[in-house]
Amino acid sequence: LTQQYQEPWLAIVIDPVRTCSTGKVEIGAFRTYPQGYKPPEELSSEYQFIPLSKIEDFGVHQNQYYQLDVSFFKSSTDAQLLSLLWNKYWINTLSSSALVTNAEYMASQIRDLADKLEQAEGQLVHHSRSGLYLAGASGPKAGGSKTEESQLSKICRDSSKVTRDHIQGLISQIVKNTAFNS
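Residues numbered from 1 in each chain as written. Predicted model: local features only at pLDDT ≥ 70, side-chain atom pairs only at ≥ 80, totals over all residues. Heavy atoms only, no water.

(A) Region of interest: the pattern of salt bridges. On inspection of all chains with the given rule, the structure shows three salt bridges. Here Asp112 makes a salt bridge to Lys116, at a shortest N to O gap of 3.4 Å. Of this pair, Asp112 and Lys116 both sit in helix α5 (residues 103-130), four residues apart, which is roughly one turn of the helix. Among the residues examined, Asp112 registers a relative accessible area of 9% and is labelled buried. According to the relative accessible area criterion, Lys116 is buried, its value standing at 6%. Its salt-bridge partner being Lys116, residue Asp158 comes within 2.9 Å of it at the nearest N-O pair. Placement of the pair is Asp158 in helix α6 (residues 143-181) and Lys116 in helix α5, with a sequence separation of 42 residues. Lys116 carries the same exposure label as Asp158, and that label is buried. (Salt bridge = Lys/Arg side-chain N within 4 Å of Asp/Glu carboxyl O. Helix = DSSP H or I, 4+ residues; strand = E, 2+ residues; numbered from the N terminus. Buried < 20%, exposed > 50% of the residue type's maximum accessible area, 1.4 Å probe, protein only.)

Listed below in structure tokens is the structure:
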């Protein structure tokens, strides 16, 4: 109701879990479409990892907002503040392990991938029983199989992201170990 008389809503989202996991700020900005607006039917060029428990929420609202490009800068005052924080917490940063700190988050991502794989497998089994998909065939036999290919490719992208995050944590530990224990 408010948006009928004002500009559409804007949301700025900072994901603290991903920020801690990756070591860089994960930030997004989103703006709602005006009420009654029909968004263009195009596929998003940027893929995002969405936990299985949140997919339904995202799907319900996906045509009501769009993502904005985000850029930010660091002023000299910001640089001073970050320097003070670094001087205060650098020991914690160097002595902490992203693998230990984010173990629960990483485990939840792996559980989510396993759930998505089970769901995709169940759909493939259902389609093969219906005669819509032939296992071992080089391509889809019916229109429904294209969805599974898409779903499996998304799962592969999700698993690649989880793997990259884990490798980044391992490399960080190796560098710290080499620098301080040699």
